Amino acid sequence: MSQSMVQRLVCSLALVGIGYFLGTSDILQPSHTAAQPPSTNEDEQNQAIPLANETVQQIQMASEALTQAMETLRLEGRYNPAAVPMNPFLILTGGGDAIEDLEQGNGVDPITFAQLYAGMAMREVGDEISRDEQNRLLYKGRLIRMYSIERMQKRYEMHQRILEKRILP
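First, a word on scope: everything that follows refers to the structure included in this document. In this text the structure is predicted, and so the values were computed from the model without any measurement.

As a further point, take the overall build of the chain. Scanning the chain from N- to C-terminus turns up 8 helices and 5 strands. Secondary structure of the chain in N-to-C order comes out as α-α-α-β-α-β-α-α-α-β-β-β-α. Among the 169 residues that make up the chain, the fraction classed as buried is 23%. Residue pairs at least 24 apart in sequence account for 44% of intrachain contacts in the chain once pairs closer than 6 positions are excluded. As displayed, the chain has an accessible area near 12900 Å², and 56% of this comes from carbon and sulfur atoms.

Further remarks concern the sheet that holds strand E4 (residues 137-139). What the 3 strands build is an open sheet, ordered E3-E4-E5; its pairing is antiparallel. Each edge of the sheet is formed by a strand with only one pairing partner; in this case those strands are strand E3 (129-131) and strand E5 (142-143). Sheet topology note: the E4/E5 ladder contains 2 bridges and is antiparallel. Paired with Leu138 across the bridge in E5 is Leu143.

It is worth spelling out a nonpolar patch on the surface at this point. On the surface, Ile49, Leu51 and Ile59 cluster together to form a nonpolar patch covering roughly 260 Å² of accessible area. Here Leu51 shows up in the loop between helix H2 (41-48) and helix H3 (53-75). Using a relative accessible area of 42% as the deciding quantity, one classes Leu51 as partly exposed.

Of note in the backbone geometry, Asn135 takes a positive phi value of approximately 65° without being a glycine. Counting through the fold element by element, Asn135 comes out in the loop between E3 and E4. By relative accessible area, which is 47% here, Asn135 ends up partly exposed. The phi angle at Lys140 is positive, at roughly 50°, despite the residue not being glycine.

For the rest of this paragraph, the subject is helix H6 (residues 110-117). An α-helical segment advances 3.6 residues per turn. Residues three or four places apart therefore align on the same side. Thr112, Gln115 and Leu116 are the residues of H6 that are buried. One side of H6 carries all its buried residues, which in axial view fall inside an arc of 100°. For H6, the side-chain oxygen to backbone nitrogen distance between the N-cap and Ile111 is 3.1 Å, and the N-cap itself is Asp109.

The subject of this paragraph is the pattern of salt bridges. Taken as a whole and judged by the stated rule, the model has 4 salt bridges. A salt bridge links Glu71 to Arg74; its shortest N-O distance comes to 3.7 Å. On the criterion of helical spacing, the pair formed by Glu71 and Arg74 is a turn pair, its members being 3 residues apart in helix H3. Residue Arg74 is classed as partly exposed on the basis of its relative accessible area of 37%. Where Arg136 meets Asp132, a salt bridge forms, and the shortest distance between an N and an O atom there is 2.8 Å.

Moving on: the environment of Tyr156. Tracing the sequence through the fold places Tyr156 in helix H8 (residues 149-164). With a relative accessible area of 45%, Tyr156 lands in the partly exposed category. Along the chain, Tyr156 and Leu92 lie 64 residues apart, while their C-alpha atoms are 8.9 Å from each other.

Cut-offs and rules
- Residues numbered from 1 in each chain as written.
- Predicted model: local features only at pLDDT ≥ 70, side-chain atom pairs only at ≥ 80, totals over all residues.
- Heavy atoms only, no water.
- Helix = DSSP H or I, 4+ residues; strand = E, 2+ residues; numbered from the N terminus.
- Buried < 20%, exposed > 50% of the residue type's maximum accessible area, 1.4 Å probe, protein only.
- Contact = heavy atoms within 4.5 Å.
- Areas by Shrake-Rupley, 256 points an atom, 1.4 Å probe, with all protein chains shown as cover.
- Pairing = 2+ DSSP bridges.
- Patch = residues over 30% accessible without salt bridge, like charges linked within 9 Å, V, L, I, M, F, W, Y side chains within 5 Å.
- Salt bridge = Lys/Arg side-chain N within 4 Å of Asp/Glu carboxyl O.
- Arc of directions from axis to C-beta.
- Polar contact = N/O pair within 3.5 Å; in protein donor to acceptor, adjacent residues only side chain to side chain.

Following this line, the structure appears as structure tokens:
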């Protein structure tokens, strides 16, 4: 082997070695740049809600108060929902038994009605729900209807009486 060939071989190995070293180390890596900084989950959550922070805070406080009232009504035996999510209508009107309403076939409150149509029924209720040829919901073969106008009016009257009731300290 000639001396020039050995020099080329050594230079080639040196270049490969230097390239390997630079490739495995982050010495020549470009720094991460972006037109905008990456968003955090908190940023995404805040941007996804087009409400003022004060409004969001008031809604959160109202939800907490409704949850407490719901638990109190449940302990008193006055809240028996047919769907998984909280039912503000039943809570604000003094409670109710949506499962009994379904069993009797006299109609359910509007929130329960919407929750059932949205597929949010509790498992034991959902197992009894089917649809007819017009795609209407049936509970144990009977059409699920909403409260009558008279019953809705009575529930709202109850809500008004609850709001007007004076509570002594």
